[in-house]
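# Notes for the structure review
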Amino acid sequence: MKKLAVLMLGISIFAAGCSNSEENTAEESTGEERTLTDDAGNEVTVPENPERIIGTYLEDDLLTLGETPAAQWTVGEDSVQEYLQPEGLERLPLMPFDLPFEAVVQEEPDLLMLSSSDLADGEKYDSYSKIAPTFVVESGSYDDWRDRLTRVSEVFGKEDLAQEKVAEYDALIEETSAELESEVGEETAVAIWWTGDSYFISNKDKSSG
């Protein structure tokens, strides 16, 4: 069952949302900088090799693509993505989930990635853009983590690497599924998340399910 544990960890690392639209593709590519249109319709000039990236709640995708963020998502000082700590987040500075401007400025990013357009409501986007190039990835639009990973890979020009990682994972799924079928047969299971006084059942049509 060791491979099952590996599979479940992989599912966590690759959790996310839906498919890309044609208008949200790279519009221009130059030698040192690339200009793309993000999921909120903003034209963003991305540095060729950004070194200080803040992409809270996009850490799964960043690490998969070989990009280590400058800070990591948190809700409070004790609530971090524990499963990603040994993957590259351990000892990284914490960044509150709502991205306070003062905290972002302190980390001196050269690329800021927002995991939701809600974070850029009103004048927030313009304020973030004055700190660093700001790219919105609308996580809620990507039901399949493969699509979100591909979307994030476009920002770094690493589409080939994203396809490679997806292929590796799909091969793991096929191998593990065959192993599970031989061990548990037709038995079924349900994933339940209990938090506070409520519980949630994972939807099989969502990436986390």
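My aim in this report is to walk through the structure given alongside it, one point at a time. Going along each chain's sequence as written, the residues are numbered from 1 onward. Thresholds applied to this predicted model are a pLDDT of at least 70 for local features of residues and 80 or more for the giving and counting of side-chain atom pairs; totals over whole chains, interfaces and linings are not thresholded and use all residues. In computing side-chain values, all of the structure's heavy atoms are included and hydrogens and water are not.

### Let's talk about the overall build of the chain
Only DSSP runs of H or I reaching four residues or more are called helices, and only runs of E reaching two or more are called strands; each is numbered from the N terminus. When its secondary structure is counted, the chain shows six helices and ten strands. The buried share among the 209 residues of the chain stands at 38%. We call two residues contacting when some pair of their heavy atoms lies within 4.5 Å. Summarising the internal contacts of the chain: among those between residues at least 6 apart in sequence, 55% fall at separations of at least 24. Entry remark: accessible area of the chain is about 11900 Å², with carbon and sulfur atoms responsible for 48%. Only protein chains enter the calculation, and the probe is 1.4 Å; a residue is then buried if its accessible area is under 20% of its type maximum, exposed if over 50%, and partly exposed in between. Each accessible area value is a Shrake-Rupley result obtained with a 1.4 Å probe; residue values ignore everything except the protein chains displayed when judging cover.

### Remarks on the pattern of salt bridges
When a carboxyl oxygen of Asp or Glu is within 4 Å of a side-chain nitrogen of Lys or Arg, the pair counts as a salt bridge. Using the criterion set out here, one finds nine salt bridges in the structure. Among the salt bridges present, the one from E107 reaches R52, with a minimum N-O distance of 3.1 Å. Of this pair, E107 sits in helix 3 (residues 101-107) while R52 sits in the loop between strand 3 (43-47) and strand 4 (53-54), placing them 55 residues apart in sequence. E107 gets classed as buried once you look at its relative accessible area, which sits at 11%. Overall, the relative accessible area of 33% leaves R52 in the partly exposed class. For R146, the salt bridge identified is with D144, shortest N-O distance 3.2 Å. What makes D144 partly exposed here is its relative accessible area of 27%.

### Re the pairing of strand 9 (residues 192-195)
Strands are treated as partners if at least two bridges between them are detected by DSSP. Judged from the four bridges that link them, strand 9 and strand 10 (residues 198-201) form a sheet pairing that is antiparallel. Bridging across to strand 10, I192 finds its partner in I201. The turn linking strand 9 back onto strand 10 is made up of two residues, and G196 within it adopts a positive phi angle of 60°.

### So, the environment of R34
Of note, R34 is situated in strand 2 (residues 33-37). Sequence separation between R34 and F156 is 122 residues, and the spatial gap between their C-alpha atoms is 8.8 Å. Within the local environment of R34, its side chain forms a polar contact with the backbone oxygen of V155, the two atoms lying 2.9 Å apart. Any pair of N or O atoms that falls within 3.5 Å is considered a polar contact. Within protein, one atom must be able to donate a hydrogen and the other to accept it, and sequence-neighbouring residues count only if both atoms are side-chain atoms.

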